[in-house]
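# Tertiary structure, described
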Amino acid sequence: MIAAGAKSMLGLLIASPKGVSDSNSRSVGVLRACVSMEGSQTMSHNKNGSIPELKAVNGHTGQKQGPLSTVGNSTNIKWHECPVEKVDRQRLLDQKGCVIWVTGLSGSGKSTLACALNQKLYQKGKLCYVLDGDNVRHGLNRDLSFKAEDRAENIRRVGEVAKLFADAGIICIASLISPYRIDRDACRSLLPEGDFVEVYMDVSLEVCEARDPKGLYKLARAGKIKGFTGIDDPYEPPLNCEISLGQEGTGTSPIEMAETVVAYLEHKGYLNA
Ligand SMILES: Nc1ncnc2c1ncn2[C@@H]1O[C@H](COP(=O)(O)OS(=O)(=O)O)[C@@H](OP(=O)(O)O)[C@H]1O
Ligand SMILES: Nc1ncnc2c1ncn2[C@@H]1O[C@H](COP(=O)(O)OP(=O)(O)O)[C@@H](O)[C@H]1O
């Protein structure tokens, strides 16, 4: 996709996470598309074979704007603006950054859908990243248990990370049980209207329990796992999600479900800048 001139270089660099939500719940940028060109070398990208012009070139590498703020326990902080903005990254990628939030019981098919969707979008040349609950608990969230406040913190962190990916212009697929409505709604409120797409895996407990691919329901029923979602811990289904999958009469294979989500994204204009 990227044809670089001999001495040109394009990198997606992860900058230090300075971002916090301001009062407008503005998207935060920590992924910066950095372009370095030497001499007359040029880089080509996108359909026209050229790097899109920056929306606003202000001749400096960044500046701190606005008054000092206090956000949570962080005092005397200032927002740092960069000349490369979300809109520029989106034009580079020819897509719009957003969060596909997949919620449902354990065994409802969240991870399977996330991977099938990632694959479909990849085949369309779209950049995605999957944040899977199980996987994120291997690293960033390894300090969290399954008690209610830790699940809330799990969702909050993944919501913030997903917001950063969306700000990077990436289609971020977050697949977590995320059992509590209030936590999912808090993640929704971090993003601009429309950029949070809640996908509910509407698969009954009976079906999930019959699948039981990890044997966890069996352990929970035997009392060997306490506080298991659906057994002795609650799951609150969404009231107003964008997409509901898994009901009788709709395409229920992972591929059909992924196609439903792709069609939604296409219809809403997320697959073009
Ligand atoms: N008590 C309890 N309740 C529910 N799930 C449990 C529990 N203990 C371990 N697991 C395993 O952890 C996976 C869910 O992690 P999540 O981060 O998605 O959960 S949550 O959103 O914080 O509720 C979940 O993975 P999935 O089956 O992919 O959903 C389980 O394998
Ligand atoms: N659409 C589907 N139809 C039938 N079985 C599915 C479907 N999606 C996933 N599965 C199966 O259900 C089990 C749980 O899927 P998984 O994606 O791991 O769920 P979750 O991430 O919600 O725990 C796996 O054995 C998987 O092969």
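Cut-offs used in this document
- Residues numbered from 1 in each chain as written.
- Chains lettered and ligands numbered in written order.
- Predicted model: local features only at pLDDT ≥ 70, side-chain atom pairs only at ≥ 80, totals over all residues.
- Heavy atoms only, no water.
- Near = heavy atom within 4 Å.
- Polar contact = N/O pair within 3.5 Å; in protein donor to acceptor, adjacent residues only side chain to side chain.
- Areas by Shrake-Rupley, 256 points an atom, 1.4 Å probe, with all protein chains shown as cover.
- Helix = DSSP H or I, 4+ residues; strand = E, 2+ residues; numbered from the N terminus.
- Nonpolar A, V, L, I, M, F, W, Y, C, P; charged D, E, K, R; others polar.
- Buried < 20%, exposed > 50% of the residue type's maximum accessible area, 1.4 Å probe, protein only.
- Lys, Arg positive; Asp, Glu negative; His and termini not counted.
- Salt bridge = Lys/Arg side-chain N within 4 Å of Asp/Glu carboxyl O.
- Contact = heavy atoms within 4.5 Å.

### A short note on the site of ligand 1
Residues in contact with ligand 1 amount to 20 residues; listed here are only the nearest, Ser106, Arg137, Arg151, Asn154 and Lys214. Contacts to ligand 1 include Lys110, whose side-chain N or O atom sits 2.9 Å from an oxygen atom. Contacts to ligand 1 include Ser178, whose backbone N or O atom sits 2.8 Å from an oxygen atom. Coverage of ligand 1 by the protein chains reaches 91% of its 630 Å² of free accessible surface. At the level of elements, α3 (133-136) and α4 (148-167) are the ones that each hand at least two residues to the shell around ligand 1. Per-element accounting of the shell around ligand 1 gives the leading share, three residues, to α4. In the shell around ligand 1, the residues fall into seven nonpolar, seven polar and six charged.

### Description of the site of ligand 2
Every one of the 14 residues lining ligand 2 counts as a neighbour, but Gly107, Lys110, Ser111, Thr112 and Thr252 are closest to it. Leu105 is positioned with one of its backbone polar atoms (N or O) 3.5 Å from an oxygen atom of ligand 2. Gly107 is positioned with one of its backbone polar atoms (N or O) 2.7 Å from an oxygen atom of ligand 2. For the shell around ligand 2, the secondary structure elements donating two or more residues are α2 (110-123) and α8 (254-267). No other element matches α2, which puts three residues into the shell around ligand 2. For the shell around ligand 2, the class distribution of residues is four nonpolar, eight polar and two charged.

### Focus: the side chain of Arg137
Looking at the secondary structure, you find Arg137 in the loop between α3 and α4. For the buried Arg137, no salt bridge is present, and the opposite-charge side chain at shortest range is Asp134, 6.4 Å distant. Excluding its chain neighbours within four sequence positions, the residues that come into contact with Arg137 are Arg142, Leu144, Ser145, Phe146, Arg151 and Asn154.

### Re the environment of Val136
Within the secondary structure, Val136 sits in helix α3. Under the relative-accessibility criterion, Val136 is labelled buried at 12%. For the pair Val136 and Asn154, spaced 18 residues apart in sequence, the C-alpha to C-alpha distance is 8.8 Å. Non-local contacts of Val136, meaning those with residues more than four positions away in its chain, are made with Leu131, Asn141, Arg142 and Val158.

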